[in-house]
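# Understanding the architecture of this molecule
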Amino acid sequence: EAQVTQNPRYLITVTGKKLTVTCSQNMNHEYMSWYRQDPGLGLRQIYYSMNVEVTDKGDVPEGYKVSRKEKRNFPLILESPSPNQTSLYFCASRRPGGRGEQFFGPGTRLTVL
Amino acid sequence: GQQVMQIPQYQHVQEGEDFTTYCNSSTTLSNIQWYKQRPGGHPVFLIQLVKSGEVKKQKRLTFQFGEAKKNSSLHITATQTTDVGTYFCAGGYAGTASKLTFGTGTRLQVTL
């Protein structure tokens, strides 16, 4: 089954404790992306990757890092989480070229205390 | 940068009533997509529009892309409780490869 998986699905942590949210897709998509969803603000892109070893900032990259060492994986790293990073995070993948649907993972609900 | 505005933010309808959500872009779009997110779920792709003035239908859902390719709408005829969720438009712009800029979403509540 074609899918995007994320782990963990829920995470409660404390300020400053480094964390990684994993994302994996099995559709051989070159393009992968991370979004955060906050009430009233919709989906805002954090980082994206056009292919292996190619990453770039989205609209709200501050406080986040990503890596793309393999085509299928695109982890999101919070080196020093802060309470304003409490949010619902979605990983997504898509075929390149600007056409075609974007597939979303199930989401990770992060709370930073 | 590109911005996509979506209205209304929230709408509550009685089952059987119609519903429309609108998206407007500050600049010309190359294409627009629509997604539905059920409560507690993730966004799921509904459709993509590419051509100026394009209209597409999926059962009770009608999607339109404006002539100037700066606006789009989603209309649901005779809503059902299964239509509950948040509807997002997402715009693609020339020269931005695979990036989608999402609207803020319209949350639809349907009651009997």
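One structure accompanies this document, and this report is about it. (Residues numbered from 1 in each chain as written. Chains lettered and ligands numbered in written order. Predicted model: local features only at pLDDT ≥ 70, side-chain atom pairs only at ≥ 80, totals over all residues. Heavy atoms only, no water.)

Moving on: the overall build of chain B. The helix and strand inventory of chain B stands at zero helices and 11 strands. Reading the helices (α) and strands (β) of chain B from amino to carboxyl end gives β-β-β-β-β-β-β-β-β-β-β. Taken over the C-alpha trace, chain B has a radius of gyration of 13 Å; the compact-globule value for 112 residues is 13 Å, and the two agree within 12%. Summarising its shape, the C-alpha atoms of chain B cover approximately 45 × 25 × 20 Å along the three principal directions. Summed over its atoms, the accessible surface of chain B is roughly 5200 Å², and 52% of this surface lies on carbon and sulfur atoms. (Helix = DSSP H or I, 4+ residues; strand = E, 2+ residues; numbered from the N terminus. Rg over C-alpha atoms; globule rule 2.2 N^0.38 Å. Areas by Shrake-Rupley, 256 points an atom, 1.4 Å probe, with all protein chains shown as cover.)

Turning to unusual backbone geometry, a few remarks are in order. The omega torsion across Asn7 of chain A and Pro8 of chain A is -5°, close enough to zero to call that bond cis. Relative to the helices and strands, Pro8 of chain A is located in the loop between β1 (4-7) and β2 (10-13). Positive phi outside glycine occurs at Asn28 of chain A, with the angle close to 60°. Unusually for a residue other than glycine, Ala78 of chain B sits at a positive phi of about 50°. By the element assignment, Ala78 of chain B lies in the loop between β8 (71-76) and β9 (85-92). Of the residues examined, Ala78 of chain B reaches a relative accessible area of 31% and is grouped as partly exposed. (Buried < 20%, exposed > 50% of the residue type's maximum accessible area, 1.4 Å probe, protein only.)

Taken together, the contact pairs 19 residues of chain B with 23 residues of chain A. Both faces combined, the contact of chain B with chain A buries some 1700 Å², and carbon together with sulfur accounts for 52% of it. In terms of surface lost to chain A, no three residues of chain B exceed Ser98, Lys99 and Phe102 of chain B, which account for 31% of the buried area on that side. For the side of chain B that touches chain A, the secondary structure elements donating two or more residues are β4 (31-37) and β5 (44-49) of chain B. Looking at the side of chain B that touches chain A, the element that brings in the most residues is β4 of chain B, giving four residues. (Contact = heavy atoms within 4.5 Å. Buried area = accessible area lost by both parts, 1.4 Å probe.)

Residue and element names in this part refer to chain B. Applying the stated criterion to the full structure yields two disulfides over all chains. Between the sulfur atoms of Cys23 and its disulfide partner Cys89 the distance amounts to 1.6 Å. Disulfide Cys23-Cys89: the torsion about the S-S bond is -90°, which places it as left-handed. Of this pair, Cys23 sits in strand β3 (residues 19-25) while Cys89 sits in strand β9; the two residues are 66 residues apart in sequence, bridging distant segments of the chain. Comparing Cys23 with Cys89 shows no difference in burial state: the two are buried. (Disulfide = S-S within 2.5 Å.)

Before going further, it helps to spend a moment on the pairing of strand β5 (residues 42-51) of chain A. All names here are of chain A. When you tally the buried positions in β5, you get seven out of 10 residues, the bulk of the element. A loop of three residues connects strand β4 (residues 31-38) with β5, the two strands running antiparallel in sequence, and Gly40 in this loop sits at a positive phi of about 80°. Strand direction decides the pairing type here: β5 and strand β6 (residues 54-57), joined by four bridges, are antiparallel. Following the sheet pairing, Tyr47 is matched in β6 by Lys57. Hairpin geometry of β5 and β6 is characterised by an intervening segment of two residues between the two adjacent antiparallel strands and by a positive phi of about 65° at Glu53. (Pairing = 2+ DSSP bridges.)

Moving on, we come to the sheet that holds β3 of chain B. Sheets are built from strands that pair by backbone hydrogen bonding, the pairs being arranged parallel or antiparallel. Residue and element names in this part refer to chain B. Read from one edge of the open sheet, five strands run β1-β3-β8-β7-β6, paired in antiparallel fashion. Both edges of this open sheet fall to β1 (4-7) and β6 (55-58), since each of them pairs with a single strand only. For this sheet, the mean angle separating the axes of adjacent strands, direction not counted, is 15°. Here strand β7 (residues 61-65) runs beside β8; their pairing, made up of five bridges, is antiparallel. Across the sheet, the residue bridging to Leu61 is Ile76, located in β8. (Axes fitted to C-alpha atoms, helices over the stretch in contact; angles between N-to-C directions.)

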